[in-house]
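Residue-level listing of the chains:
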Amino acid sequence: MSVASQSPASHPMPSAAQQARLDHVFRHHLRDDPTNAATHALRRYMESYRLAAAVEAESRP
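The following paragraphs examine the structure supplied in this document.

Analysis parameters
- Residues numbered from 1 in each chain as written.
- Predicted model: local features only at pLDDT ≥ 70, side-chain atom pairs only at ≥ 80, totals over all residues.
- Heavy atoms only, no water.
- 1 Å grid on protein atoms, 1.4 Å probe; cavity = no way out; pocket = protein on both sides within 12 Å on 5 of 7 lines; lining within 4 Å.
- Points joined across faces, edges and corners; volume = space filled by probe spheres on them.
- Helix = DSSP H or I, 4+ residues; strand = E, 2+ residues; numbered from the N terminus.
- Expected span 1.5 Å × (residues − 1).
- Buried < 20%, exposed > 50% of the residue type's maximum accessible area, 1.4 Å probe, protein only.
- Contact = heavy atoms within 4.5 Å.
- Patch = residues over 30% accessible without salt bridge, like charges linked within 9 Å, V, L, I, M, F, W, Y side chains within 5 Å.
- Areas by Shrake-Rupley, 256 points an atom, 1.4 Å probe, with all protein chains shown as cover.
- Salt bridge = Lys/Arg side-chain N within 4 Å of Asp/Glu carboxyl O.

1. A word on empty space enclosed by the protein
Part 1: Going through the model one piece at a time under the given rule, you end up with one cavity of 30 Å³ or more.
Part 2: If you go around the largest cavity, the residues you meet are F26, H29, L30, R31, D33, N36, T39, H40 and R43.

This is the structure in structure tokens:
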């Protein structure tokens, strides 16, 4: 899947706590810096991974 085919609406936002942890992990990189596409892609991947893990944890009995 290419970056162009991904729409921003399909990417849910992490909670404030998750966002704070990601901000700490990526503290040396600006969140919306267009010149650092690789770090932005990695951050989006980590957001998706953590959101999926949170949803899975909520669905467990």
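2. Observations concerning helix α2 (residues 37-59)
Part 1: Spanning 23 residues, α2 covers 33 Å between terminal C-alpha atoms, matching the ideal 33 Å at 1.5 Å per step.
Part 2: Those residues of α2 that fall on the buried side of the exposure criterion are T39, R43, E47 and L51.
Part 3: Buried positions along α2 lie against α1 (16-25).

3. Observations concerning a nonpolar patch on the surface
Part 1: Taken together, the side chains of L42, Y45 and Y49 present a nonpolar region at the surface, about 380 Å² in accessible area.
Part 2: Locating Y49 in the fold gives a position in helix α2.
Part 3: Judged by relative accessible area, Y49 falls into the exposed class, the value being 56%.

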